[in-house]
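Fold and contact review
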Amino acid sequence: ESLAALWKSYHKIIQTQPSLLEQFVHRLNQQKQDVLAEQIIVSSLQQDWNERLVQIFGCLQLDNVEQRIKIAQQWSIEHKDSASLLLTLGRLHKQLKHWGQAKNHLESSLSRQPLVATYAELADLHEQLNEVADARRCAKKALHLITHY
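In this report, the structure presented in the accompanying data block is examined. (Residues numbered from 1 in each chain as written. Predicted model: local features only at pLDDT ≥ 70, side-chain atom pairs only at ≥ 80, totals over all residues. Heavy atoms only, no water.)

1. A word on the overall build of the chain
Along the backbone of the chain there are nine helices and zero strands. Written out in order from the N terminus, the α and β elements of the chain read α-α-α-α-α-α-α-α-α. A compact globule built from 149 residues would reach a C-alpha radius of gyration of about 15 Å, and the chain, at 16 Å, matches this within 12%. Out of the 149 residues in the chain, the part that is buried amounts to 41%. Nonlocal contacts in the chain, meaning residues at least 24 apart in sequence, comprise 52% of its contacts between residues at least 6 apart. (Helix = DSSP H or I, 4+ residues; strand = E, 2+ residues; numbered from the N terminus. Rg over C-alpha atoms; globule rule 2.2 N^0.38 Å. Buried < 20%, exposed > 50% of the residue type's maximum accessible area, 1.4 Å probe, protein only. Contact = heavy atoms within 4.5 Å.)

2. Notes on the environment of arginine 112
The topology assignment puts arginine 112 in helix α7 (residues 99–112). Arginine 112 sits 28 residues away from lysine 140 along the chain, and the two C-alpha atoms are 19 Å apart. Among all residues touching arginine 112, those that are not within four sequence positions of it are Lys80, Asp81, Ala83 and Leu86. Side-chain polar atoms of arginine 112 contact the side chain of aspartate 81, separated by 3.4 Å. In this structure the side chain of arginine 112 is engaged in a polar contact, spanning 3.2 Å, whose partner is the backbone oxygen of serine 108. (Polar contact = N/O pair within 3.5 Å; in protein donor to acceptor, adjacent residues only side chain to side chain.)

3. Some words on unusual backbone geometry
Even without glycine at this site, lysine 32 takes up a positive phi of about 60°. Position of lysine 32 among the secondary structure elements: in the loop between α2 (18–30) and α3 (34–47). Phi at lysine 97 takes a positive value of approximately 65°, unusual for a residue other than glycine. For lysine 97, the location among the structural elements is in the loop between α6 (83–95) and α7.

Below you can see the structure in the form of structure tokens.
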């Protein structure tokens, strides 16, 4: 509730600073205020593209997964090479247990840019499918990225 009040009072200032906006939306997600986070993300991305906000969009715990997939697919018209957007599409399809589509999006994301979060999602997907060797391979690559950057 206090975050919603903070947004109401300071949204103009928060929106002018991308890193502050990212932190604010991340905090909303942590506090399970995902409806407000979704509204802010969608509104903000209409103005300025932000890879971190796109990633958070895929982490929101809301029941409207199919609707969010449609929104993300619309974004992909202009941002088809965004590794973060492909990660988000992978996350969303994974929530629906669309394993093949999730895997395709996650692998496409990695082909654009190797992200630790993408390897982690792919490792989890492989675990869900009981593909232990592939899960380990992805987890190892994520660890390599973390320790070598």
